[in-house]
There are 2 protein chains.
Amino acid sequence: MSSITRPSPARPSATRDLILDALETLLLEGGSSAATLEAVATRAGVSKGGLLYHFGSKEALYEGFLARLRTSAAQEAARTRNASQGLIAAYLDVSTVPDDPGTRSVLAALRLVGVQEVDVEAALADTFESWYAVIAQEIADPTLARLVQLVGDGLYLHALIGSARPEADQLVIARIIELVAESR
Amino acid sequence: MSSITRPSPARPSATRDLILDALETLLLEGGSSAATLEAVATRAGVSKGGLLYHFGSKEALYEGFLARLRTSAAQEAARTRNASQGLIAAYLDVSTVPDDPGTRSVLAALRLVGVQEVDVEAALADTFESWYAVIAQEIADPTLARLVQLVGDGLYLHALIGSARPEADQLVIARIIELVAESR
DNA sequence: GTCTATAATCGGATAGAC
DNA sequence: GTCTATCCGATTATAGAC
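Because the structure is predicted, anything quoted here is derived from the model rather than measured. (Residues numbered from 1 in each chain as written. Chains lettered and ligands numbered in written order. Predicted model: local features only at pLDDT ≥ 70, side-chain atom pairs only at ≥ 80, totals over all residues. Heavy atoms only, no water.)

## Details of the overall build of chain A
Alright, step 1. For chain A, the helix and strand inventory stands at nine helices and zero strands.
Alright, step 2. When the helices and strands of chain A are read in sequence order from the N terminus, they spell out α-α-α-α-α-α-α-α-α.
Alright, step 3. Based on the C-alpha atoms only, the size of chain A along its principal axes is roughly 60 × 45 × 25 Å.
Alright, step 4. Burial statistics for chain A: of 184 residues in total, 46% are counted as buried. (Helix = DSSP H or I, 4+ residues; strand = E, 2+ residues; numbered from the N terminus. Buried < 20%, exposed > 50% of the residue type's maximum accessible area, 1.4 Å probe, protein only.)

The structure is reproduced here in structure tokens:
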């Protein structure tokens, strides 16, 4: 019966994702003030009106972005969970790679912290939480697990402000791996 | 000769600091979008025109804020350097206290990351750098020093998104202290 | 030094054609 | 589903009185 012409407005359409990609890129380039509806639309190759068909307001746009962040982070965490070996190293490494899709989304979301329209903080907290679950599965000692998480988050913060130190950070990661090995 | 009526516009006046305090508070409460010139002026108890006498533009206002961040962070680092004993614990503890004046300024600045007008990232990088210098003075092993810094920055990030875990984080801090002690 | 207009611009959102 | 045109409110910045 319900073969509606207009697809359920909350579901993946090609344009929807293009728009969210454009938003992400603009957030990374110039923060939330650069991400005007006009700019996002243009970057996505549609008009402002076209964008507003998919996301009825700026708030809806932000919510769409955070929804995608949550689901993709959860998926990535699940995938990593199975990869199992070298999990900690992989987790810490990815935090230092600004080109990784997951890292890009998190860094973009970090630039959205503080906006009125949506609760970015909660979405990020959930994201970090889903990764902590993966870490905790590998490290029995909860204090050490939290320590690993905090180092990873520190790496994110440095990626955010562009003050990473690749060589030093690799040594830190190696040291962490040692600590984890000793704890078993 | 030059006994100008108007004080050198870049120097501390009571109102100037009130305005910067107001900006800081508004950034913490509602992010950069909440910090309009009007809102900042009202919060500081002056009119928009009054504010613009001290800071000729929004960019100038932001620069004033970052300048104060740099100098106060440098001063705090210098002070801590002399306190010397329990330095690492103090450094990590303060990262978890959102009421500490220094922490407040850093968190406010973090909410400014990505704005067009000024280079917030560079100011924050300098701030973190001045603390690293203090840490490195206490910890001979540079890898361990960086690890301590990363944990501290992870704590900042969690303070930013409101996902700190006071008990767990205290245990992590205790563990770090042990690691530092062992390394001597 | 501080205030009250006021100008100029920009961003979000609606209406309606195609 | 996408576009153009338009409206409206908010925001930065200026001008000039006190």
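## Some remarks on a negative patch on the surface
Alright, step 1. On the surface, Glu178(A), Glu182(A), Glu178(B) and Glu182(B) cluster together into a negatively charged patch.
Alright, step 2. Contributing elements (two or more residues each) for the negative patch: helix H9 (166–182) of chain A together with helix H9 (166–182) of chain B.
Alright, step 3. For Glu182(A), the location among the structural elements is in helix H9. (Patch = residues over 30% accessible without salt bridge, like charges linked within 9 Å, V, L, I, M, F, W, Y side chains within 5 Å. Areas by Shrake-Rupley, 256 points an atom, 1.4 Å probe, with all protein chains shown as cover. Salt bridge = Lys/Arg side-chain N within 4 Å of Asp/Glu carboxyl O. Lys, Arg positive; Asp, Glu negative; His and termini not counted. Charge placed at Lys NZ, Arg CZ, Asp CG, Glu CD.)

## Re the interface of chain B and chain A
Alright, step 1. On the side of chain A, 41 residues touch chain B, which itself brings 42 residues to the contact.
Alright, step 2. On the surface where chain B and chain A come into contact, there are eight salt bridges.
Alright, step 3. Salt-bridge contacts for Arg146(A) lead to Asp169(B); the nearest nitrogen and oxygen are separated by 2.6 Å.
Alright, step 4. Where chain B packs against chain A, one counts 13 residue pairs in polar contact (both at pLDDT 80 or more).
Alright, step 5. For the side of chain B that touches chain A, the secondary-structure elements that each account for two or more residues are helix H1 (14–34), helix H7 (120–138), helix H8 (142–160) and H9 of chain B. (Contact = heavy atoms within 4.5 Å. Polar contact = N/O pair within 3.5 Å; in protein donor to acceptor, adjacent residues only side chain to side chain.)

## Digging into helix H5 (residues 87–95) of chain A
Alright, step 1. All of the buried residues in H5(A) are Leu87(A), Ile88(A), Tyr91(A), Leu92(A) and Ser95(A). Here the buried residues of H5(A) occupy an arc of 130° about the axis, which is enough to place them on one side. (Arc of directions from axis to C-beta.)

## Notes on the pattern of salt bridges
Alright, step 1. Under the definition given, this model contains 22 salt bridges over all chains.
Alright, step 2. Across the salt bridge formed by Arg104(A) and Glu24(A), the nearest N and O atoms sit 3.5 Å from each other. Pair noted here: Arg104(A) is in helix H6 (residues 101–110) and Glu24(A) is in helix H1 (residues 14–34), with a separation of 80 residues, a long-range link.
Alright, step 3. Between Asp21(B) and Arg68(B) there is a salt bridge; the shortest N-O distance is 2.9 Å. With Asp21(B) in helix H1 and Arg68(B) in helix H4 (residues 58–83), the pair connects residues that are 47 residues apart, well separated along the chain.
Alright, step 4. Three or more residues joined by partner-sharing salt bridges are found here, namely Asp17(A), Asp21(A), Glu24(A), Arg68(A) and Arg104(A).

## A look at the UniProt feature "domain: HTH tetR-type" (unreviewed entry) in chain A
Alright, step 1. Here the UniProt feature "domain: HTH tetR-type" (unreviewed entry) sits at residues 13–73 of chain A.
Alright, step 2. With 85% helix and 0% strand, the stretch residues 13–73 of chain A has end C-alpha atoms that lie 20 Å from each other. (UniProt positions renumbered as here; feature names shortened; annotations may be inferred.)

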